[in-house]
Amino acid sequence: HVVDGFRLNDAIFRNAPNQYVALVDSQSLARIEAVRGPMSALYGSDAMGGVLQMLTWEPRFEGSEWQGHGLLRSMYGSADDSTLSRVEGALGRERLVVSGGATYQDVNERRVGGGEELPYTQFTARAADARVRAMVTAGNELTLSLQYSEQPRTPRYDELTPGYGQAQPNSAVYWFEPQRRDFAQLRWRASDPTSAWDSAEAQVGQQVIEDGRRNRDSGSNNEDRESNVDTSRGLAFQASKAVGASHHLTYGFDHYEDEVESSRTRTDIVTGATGVRAPRFPDGSTMSQAGAFVADDWSVGERLDVLGGVRWSKSRTRLPASGEFAATTVEDDGFTGNLGVACTLTESVRLVANLGQGFRAPNVFDLGTYGDRPGNRFNVPNPDLAPEQVTTLDAGWKVLNDRLDGELIGYYSRYRDKITSVLTGEVTDSGRLVVQSRNAARLVLYGVEISLR
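Rules of the game
- Residues numbered from 1 in each chain as written.
- Predicted model: local features only at pLDDT ≥ 70, side-chain atom pairs only at ≥ 80, totals over all residues.
- Heavy atoms only, no water.
- Pairing = 2+ DSSP bridges.
- Helix = DSSP H or I, 4+ residues; strand = E, 2+ residues; numbered from the N terminus.
- Contact = heavy atoms within 4.5 Å.
- Patch = residues over 30% accessible without salt bridge, like charges linked within 9 Å, V, L, I, M, F, W, Y side chains within 5 Å.
- Areas by Shrake-Rupley, 256 points an atom, 1.4 Å probe, with all protein chains shown as cover.
- Salt bridge = Lys/Arg side-chain N within 4 Å of Asp/Glu carboxyl O.
- Buried < 20%, exposed > 50% of the residue type's maximum accessible area, 1.4 Å probe, protein only.
- Core = buried A, V, L, I, M, F, W, Y, C linked by side-chain atoms within 4.5 Å.

Engineer: Talk me through the pairing of strand β19 (residues 349-360); I want residue IDs and the actual numbers.
Structural biologist: For a regular strand, side chains alternate in direction, first toward one face of the sheet and then toward the other. With seven bridges connecting them, strand β18 (residues 328-344) and β19 associate as antiparallel partners. When the sheet's bridge partners are listed, Cys343 is paired in β19 with Leu351. As defined by bridge partners, β19 adjoins strand β22 (residues 388-400) across twelve bridges and the pair is classed as antiparallel. Each residue of the ladder has a partner; that of Val349, found in β22, is Val399.

In structure tokens, the structure reads:
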């Protein structure tokens, strides 16, 4: 997941459905780009099934005169008595634009078809963003972007309602309190060709995600409050260059540093006694990811295109000592690549095939999580994890003309060393099943995708 070129995936990003995508304000987005298949050659770790690039609103004006633009959008939903409002505006001219916006969402309990209202489905969210874009010299543009979003108090539905064959819910209290994302980015774009590139882009940014929680197991007097904060700092550069009439190169590098702060306290709601508990993640954990890549689009005659790319990546995750678990460092490095061909049969019909590799380096969530999981489980750390690997082959047919846009693609993916949650045979004092993440699964996915417009 990428927002304006910056990784949303951080050191505590879960390898399951996660709530952090909801911390990107959907009302501020101009478009979402989806790239299918392994994209580790260009994007590095985690791009195993594809890449989702979320691009925010970026107004532009022409001419030297000052101009303005404004928008007010408001929506209401009857099924959950929800409101969603967005206000945004921009002021500027061709060489300088200042823009910003704010969003507020209020969702109440969802009403289903029979009229029943589902408890613990209500939440509120608020967000704001600002941007300054300036053409500092001809062909050189600087942009400063700021983004903020927060869900101050959101119930965890699967913990507060019975599931997995249970007669009662796991928790009497379980709130994400709060969920917050702060983001700042400075980006440079060059559009004037040089001997090194035809166009180039560089960025530095910082993202802070806070995953706060308050929970109490059913039948217990002990209530836990925890704070989990991941700070990601990133630097990236990418350029493109035409080499002769047949080759178009894309090359660059990126480097991200994550630091995790985690704490947890427990309070007896009857006596008021408070104590410190082991945090969900080892406090002070760090994760470093770096890589360099090059890709080539090679036109072999008029009918054949060959696309290839290779990337070298290195990751280093350090977990300090936490409770009964000793300090450990996990390092991984290696090459990944992809190769594709596109053969033009007629002006509107092409045959395509791609072979790609992907990987996912284990992060702090995989290696060091200590705490409750869905399904009445309790996770303990495992520092002995290797990266997940995937190899995917897809091939098919695409057609595009004045009347028809369609494709028929078959794909086959083989995952190795997939990280999954495994029962250890132990049980906590509160009755939760103890589990641990391990490289214990292999997986094959295959299918056919058809689209016509």
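This is not the end of the story, as more comes after the structure.
Engineer: Talk me through the sheet that holds strand β3 (residues 29-36); I want residue IDs and the actual numbers.
Structural biologist: The four strands are arranged β2-β1-β4-β3 in an open sheet whose pairing can be described as mixed. Two strands close off the open sheet at either side, each with one partner strand: β2 (6-7) and β3. Where β3 lies against strand β4 (residues 50-56), seven bridges are found, and the strand directions are antiparallel. Within the sheet, the bridge partner assigned to Arg36 lies in β4 and is Gly50.

Engineer: Could you give an account of the side chain of Gln203, naming the residues involved and the relevant values?
Structural biologist: Take Gln203: it is sitting in strand β12 (residues 199-217). Setting aside residues up to four positions removed in sequence, Gln203 forms contacts with Asp4, Gly5, Phe6, Gln185, Leu186, Arg187, Gly234, Leu235 and Ala236.

Engineer: Which residues make up a nonpolar patch on the surface, and what values go with them?
Structural biologist: A contiguous nonpolar patch, built from Val98, Val132, Val136, Leu142, Leu144, Leu146, Leu186, Val204, Leu235 and Phe253 and spanning about 770 Å² of accessible area, is present on the exposed surface. Of all the elements in the fold, those that place two or more residues in the nonpolar patch are β8 (123-137) and β9 (140-151). Sort the elements by how many residues they give to the nonpolar patch and β9 lands first, with three residues. Structurally, the position occupied by Val204 is in strand β12. Taking relative accessible area as the criterion, Val204 reaches 41% and is therefore assigned partly exposed.

Engineer: Describe the pattern of salt bridges, listing the residues and the values that go with them.
Structural biologist: Across all of its chains, the model carries 41 salt bridges by this definition. Two residues, Arg432 and Glu159, come together in a salt bridge whose shortest N-O distance is 3.1 Å. In this pair, Arg432 is assigned in the loop between β23 (405-427) and β24 (433-452) and Glu159 in helix α2 (residues 157-160), connecting sequence segments 273 residues apart. With a shortest N-O distance of 2.8 Å, Arg180 and Asp182 are connected by a salt bridge. Asp182 sits in the partly exposed class, given a relative accessible area of 25%.

Engineer: Kindly report on the nonpolar core, identifying the contributing residues and their values.
Structural biologist: Counting residues in hydrophobic clusters, the biggest one holds 22 residues, and the most contacted among them are Leu8, Tyr20, Val24, Met54, Val260, Phe281 and Val364. At three residues, helix α3 (residues 364-368) tops the list of elements feeding residues into this core. If we ignore the near neighbours within four places in the chain, the residues touching Tyr20 are Leu8, Ile12, Phe13, Gln179, Ile209 and Asp211.

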